[in-house]
Amino acid sequence: GGASTPKRGAFILLEGVDRCGKTTQVSLLVKHLLSLSIATVALRFPDRTTQVGGLINEYLQSSVQTDDRAIHLLFSANRWEAAPNLVNTLTSGTNIICDRYAYSGVAFTSAKRAEDRSSMSGGELSLDWCMSPDVGLPAPDAVIFLDLDQDQAESRGGYGGERYEKKELQIRVRQRFAELQAIDEKQGRVPWHVVDAAQSIEEVKEQIAKIVTDTIDRVQSESAPLRRMWG
Ligand code: ADP
Ligand code: 2DT
């Protein structure tokens, strides 16, 4: 007992292609944890409420040609500007459930092909190039990957008008996520949990809730230090 420093919160990330159910599950999860009196907040990237996020929002909603590297760096800047607050939240003992992060950043930019791209140089942008601006960001304690194939994603309703909502791009994005999972598994630092997102909302919720409570327990019992991305 006594006035010991509170244990830090866990940083848990939900990733996956558009429509896999991230928004639905983040909101169910936060409600579930709060009902158990476990301090938790939701975050999402891009955070469109900041000035940088406003530029990202304009980009996503328009078809104006913009350099892909410049846009990639804006998405990364949008995480860096949030990082101090994110670290303070975790340090104060609050858990964070986050919808998309650096993995989406790398997966989407590296999935662009020459014909999708508006950059000065042709060819695809390498994973290494895409990862480098996010190196050093706070790393999640777990990645929950909601896995859904493209046909099932599309059966959940037609795409809206945003720039990346195109079938071929989404298929390549899913492949890039798998490459990022392999990189993390080789490094052995950030555990990935792949959940079949084609199950019912309730089934997905149960599986995620178990992963999340196990992760929170692990972070607290091991007093695990907060790591940095891809370091
Ligand atoms: P994301 O945030 O990953 O794009 P959403 O949570 O917004 O996904 O879900 C996309 C659509 O699919 C919504 O209409 C949502 O109600 C529906 N949906 C979410 N999860 C499931 C599920 N497990 N089964 C069927 N439909 C789902
Ligand atoms: P939402 O539909 O989840 O708001 O995402 N994206 C996201 C990137 O290209 N790079 C990033 O770093 C992030 C976080 C994924 C909007 C789109 O932005 C893409 C879909």
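A brief structural summary. Keep in mind that this is a model prediction, so the values were computed, not measured.

Procedures and definitions
Residues numbered from 1 in each chain as written. Chains lettered and ligands numbered in written order. Predicted model: local features only at pLDDT ≥ 70, side-chain atom pairs only at ≥ 80, totals over all residues. Heavy atoms only, no water. Pairing = 2+ DSSP bridges. Helix = DSSP H or I, 4+ residues; strand = E, 2+ residues; numbered from the N terminus. Axes fitted to C-alpha atoms, helices over the stretch in contact; angles between N-to-C directions. Salt bridge = Lys/Arg side-chain N within 4 Å of Asp/Glu carboxyl O. Buried < 20%, exposed > 50% of the residue type's maximum accessible area, 1.4 Å probe, protein only.

### What about the sheet that holds strand S3 (residues 95–99)?
Neighbouring strands of a sheet are bound in pairs by backbone hydrogen bonds; such pairs are parallel or else antiparallel.
Line of reasoning, step 1. The parallel open sheet is built from 5 strands, whose spatial order is S2-S3-S1-S4-S5. Because the sheet does not close on itself, it has two edges, and the strands there are strand S2 (40–44) and strand S5 (192–196). Across the sheet, the axes of successive neighbouring strands diverge by a mean angle of 20 degrees, strand direction being ignored.
Line of reasoning, step 2. Strand direction decides the pairing type here: strand S1 (residues 11–15) and strand S4 (residues 142–147), joined by 4 bridges, are parallel. Note on S4: the bridge partner recorded for Leu13 is Val143.

### Quick word on the pattern of salt bridges
Line of reasoning, step 1. Following the criterion strictly, the structure yields 12 salt bridges and no others.
Line of reasoning, step 2. Linking Glu162 and Arg48 is a salt bridge whose minimum nitrogen-to-oxygen distance equals 2.9 Å. Taken together, the residues Glu162 in the loop between helix H7 (150–155) and helix H8 (167–187) and Arg48 in the loop between S2 and helix H2 (51–61) connect sequence positions 114 residues apart.
Line of reasoning, step 3. With a relative accessible area of 34%, Arg48 lands in the partly exposed category.
Line of reasoning, step 4. Across the pair Lys112 and Asp68 runs a salt bridge whose closest N-O atoms are separated by 2.6 Å. Taken together, the residues span a long stretch of sequence, with Lys112 in the loop between helix H5 (102–111) and helix H6 (127–131) and Asp68 in helix H3 (residues 68–80) at a distance of 44 residues.

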